[in-house]
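What the coordinates show
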Amino acid sequence: MILVAITLETPKHLKQFLPYLSVLNERYHPFLGQAITEIEPGKWVSSVKPFHAGIFPYLCMDAMIYTGQAHTRLYFANDILDFSMDQEVSESDISRLMQQNPSETNPKSQKACSHYQGFGRRIDMALNAIGRLVFDSLHSLTKVETDVLRELRRLQFDHYRDPCITRTYGLQKQVASKLGKSPVAVHKSLKSSKYELLADSANTMKSILA
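Residues numbered from 1 in each chain as written. Predicted model: local features only at pLDDT ≥ 70, side-chain atom pairs only at ≥ 80, totals over all residues. Heavy atoms only, no water.

Overview of the packing of aromatic side chains
In this structure the tally under the stated criterion is five aromatic pairs. Here the aromatic rings of Phe56 and Phe76 are separated by 4.3 Å at their centres, their planes lie at 25°, and the arrangement is stacked. Placement of the pair is Phe56 in helix α2 (residues 56-67) and Phe76 in strand β4 (residues 72-77), with a sequence separation of 20 residues. Overall, the relative accessible area of 0% leaves Phe56 in the buried class. Sitting over the face of the ring of Tyr160, Arg167 holds its NZ or CZ atom 5.2 Å from the ring centroid. (Phe/Tyr/Trp six-rings, centres within 6.5 Å; stacked < 30°, edge-to-face > 60°. Helix = DSSP H or I, 4+ residues; strand = E, 2+ residues; numbered from the N terminus. Buried < 20%, exposed > 50% of the residue type's maximum accessible area, 1.4 Å probe, protein only. Lys NZ or Arg CZ within 6 Å of the ring centre and 35° of its normal.)

Looking at the sheet that holds strand β2 (residues 37-40)
Spatially, the five strands line up as an open sheet ordered β2-β3-β1-β4-β5, and their pairing is mixed. Both outer strands of the open sheet, β2 and β5 (113-117), are each paired with one neighbouring strand and no more. Shown here is a sheet whose adjacent strand axes are inclined to one another by a mean of 25°, direction ignored. Sheet topology places β4 next to β5; five bridges connect them, and they run parallel. Directly across from Tyr75, in β5, lies its bridge partner His115. On top of the sheet, helix α1 (residues 14-27) reaches β1 (2-8), β3 (43-48) and β4; it is set at about 155° to β1, its chief contact. Its contacts with the sheet put helix α4 (residues 121-138) on β4 and β5, and the angle it makes with β5 is roughly 175°. (Pairing = 2+ DSSP bridges. Axes fitted to C-alpha atoms, helices over the stretch in contact; angles between N-to-C directions. Contact = heavy atoms within 4.5 Å.)

Re the pattern of salt bridges
Summed over all chains, the structure comprises eight salt bridges. With a closest N to O distance of 2.9 Å, Arg153 and Asp62 form a salt bridge. With Arg153 in helix α5 (residues 143-160) and Asp62 in helix α2, the pair connects residues that are 91 residues apart, well separated along the chain. Residue classification places Arg153 among the buried residues on the basis of a relative accessible area of 1%. Salt bridges linked by common partners bring Glu151, Arg154, Asp158 and Arg161 together as one network. (Salt bridge = Lys/Arg side-chain N within 4 Å of Asp/Glu carboxyl O.)

Some points on the packing of α5 against helix α6 (residues 172-179)
To describe two helices that pack against each other, one gives the angle between their axes and the distance between the axes. Their axes nearest at 10 Å, the elements α5 and α6 cross at an angle of 120°. Put simply, α5 runs oblique to α6. With respect to the hand of their crossing, α5 and α6 are arranged in right-handed fashion. Facing α5, whose interface residues are Asp147, Val148, Glu151, Leu152, Arg154 and Leu155, α6 presents Gln174, Val175, Lys178 and Leu179. (Parallel < 35°, antiparallel > 145°, perpendicular 65-115°, else oblique. Left-handed = near helix turned anticlockwise from the far one by under 90°.)

Notes on the nonpolar core
Most often, soluble globular proteins keep nonpolar side chains buried together rather than apart. If you look at the biggest cluster of nonpolar residues, it comprises 53 residues, and the most contacted ones within it are Tyr20, Phe56, Leu74, Phe76 and Tyr116. Those residues in contact with Leu74 that sit more than four places away from it in its chain are Ala5, Ile6, Tyr20, Leu59, Cys60, Ala63, Cys113, Ser114, His115 and Phe135. (Core = buried A, V, L, I, M, F, W, Y, C linked by side-chain atoms within 4.5 Å.)

Quick notes on α1
Residue pairs three or four apart in sequence face the same way in an α-helix, which turns once every 3.6 residues. Between its first and last C-alpha, α1 extends 20 Å over 14 residues, near the 20 Å set by a 1.5 Å rise per residue. The elements touched by buried residues of α1 are β1, β3, α2, β4 and α5. (Expected span 1.5 Å × (residues − 1).)

Considerations on empty space enclosed by the protein
Under the criterion given, the structure shown has one cavity of 30 Å³ or more. Roughly 90 Å³ of volume is contained in the largest cavity. Those elements that provide at least two residues to the lining of the largest cavity are α2, β5, α4 and α8 (195-209). In terms of residue class, the lining of the largest cavity is made up of 10 nonpolar, three polar and no charged. (1 Å grid on protein atoms, 1.4 Å probe; cavity = no way out; pocket = protein on both sides within 12 Å on 5 of 7 lines; lining within 4 Å. Points joined across faces, edges and corners; volume = space filled by probe spheres on them. Nonpolar A, V, L, I, M, F, W, Y, C, P; charged D, E, K, R; others polar.)

These figures come from the coordinates and say nothing about function on their own.
The structure is reproduced here in structure tokens:
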């Protein structure tokens, strides 16, 4: 089992975090060993079987869209939980994860970030390098860009019922209609928010994890 831990470092961002929590439980529930569970204030956990590890880049993509201005950390730790154990994780499991707190993550950073460990040294390096590029490039979305990306992701899930699908074909006009914008304005927002970089990076990371 792969242990997933999400930490919100600043309580003042809790209101901003809650919509993301709803997204996790709505879109990713079928892949999770348990619902995202708060084990203490500001710390949520779940577990995922290795063959579902491909959801992580998209889970991170949604984190960037919903909590990019908050100090949110996402940890994906492989080989910490025994595959044969019950899928629900305990406080002792979390304690073991926190003892292995990755040194590469800057605790003073006020940006959302992710960290992968236990997938193999080179795989960890690749995933963390791509993840850092994505978070560093896209943590400062404007409100307009954020609104467009959230609506696009909602429509993608409604249409495909799979949070790992990032296609925009046929959806940009729907985003424009929903937000009361022109398709050209939506296209410009997707371009300025570097959505293609975000989607391509997530798809690349998925292929590494597969």
